[in-house]
Every structure is written in structure tokens, then in C-alpha cells.
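Survey of secondary and tertiary structure
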Amino acid sequence: REPSQGNKYVKANPLSLQGLTPRLATALQLGFVYPDWLKERLSEVRTPFMIQHGLEDRVTDPNTSKQLYNEAIAKDKTLK
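Worth saying up front: this structure is predicted, and the values here are computed from it rather than measured. (Residues numbered from 1 in each chain as written. Predicted model: local features only at pLDDT ≥ 70, side-chain atom pairs only at ≥ 80, totals over all residues. Heavy atoms only, no water.)

Points about the overall build of the protein chain
- When helices and strands are tallied, the protein chain shows 4 helices and 2 strands.
- Walking the protein chain from its N terminus toward its C terminus, one meets helices and strands in the order α-α-α-β-α-β.
- Across the 80 residues of the protein chain, 14% fall into the buried class.
- In the protein chain, the share of contacts with a sequence separation of at least 24, taken over all contacts with a separation of at least 6, comes to 50%.
- Approximately 7,200 Å² of the protein chain is accessible, and the part contributed by carbon and sulfur atoms is 55%. (Helix = DSSP H or I, 4+ residues; strand = E, 2+ residues; numbered from the N terminus. Buried < 20%, exposed > 50% of the residue type's maximum accessible area, 1.4 Å probe, protein only. Contact = heavy atoms within 4.5 Å. Areas by Shrake-Rupley, 256 points an atom, 1.4 Å probe, with all protein chains shown as cover.)

Written out as C-alpha cells, the structure is:
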């Protein structure tokens, strides 16, 4: 393995998130592609967050938002 090649690849890869902050779309993709993996790690969320979720949402289950709120170890969190 050549460490310098990794940096070249990251800079040349248009899909790389290098230097960018992951956005909602990243979380969305993780949720659809790896739902079991993501659910198993809800308790590891420690960054501050706020969830706003409509109770009549037909696309995503509001209970998952409640589960994230209840399981996350973040001290600064809000569910509305």
C-alpha cells in the first residue's frame, strides 16, 4: 500500500466528501442502504442535534426519530 496514492485518489474522485461536512443526504443514503447498521448505532450519536418530525409523516416513521432521541448519548438534543 502506498499512502501517497490515497491522497491523490481522494483529490481526483469527484464523489469524495474530503473537506466537506456530511449532509442530510449522506444520512439518508446510510438509512436506505444500511438500515440495520444505522439502527444498531443510534446509541453512539453524541453530537448535538435537533429532530423535527411530523407525526403524520407517511415516508419515514416518526418512531424512528423518537428512537434516535431516546437512544442517542448526546447531551444537547431536542425532539419537536
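Picking up after the structure, the text goes on.
Considerations on the side chain of H53
- Looking at the element boundaries, H53 is found in the loop between β1 (49-51) and α4 (62-71).
- Within polar-contact distance, the side chain of H53 engages the side chain of S65 at 2.5 Å. (Polar contact = N/O pair within 3.5 Å; in protein donor to acceptor, adjacent residues only side chain to side chain.)

Focus: the pattern of salt bridges
- Under the defined criterion, the tally for this structure stands at 1 salt bridge.
- Across the salt bridge formed by R41 and E40, the nearest N and O atoms sit 3.6 Å from each other.
- Accessibility expressed as a relative area gives 57% for E40, which makes it exposed. (Salt bridge = Lys/Arg side-chain N within 4 Å of Asp/Glu carboxyl O.)

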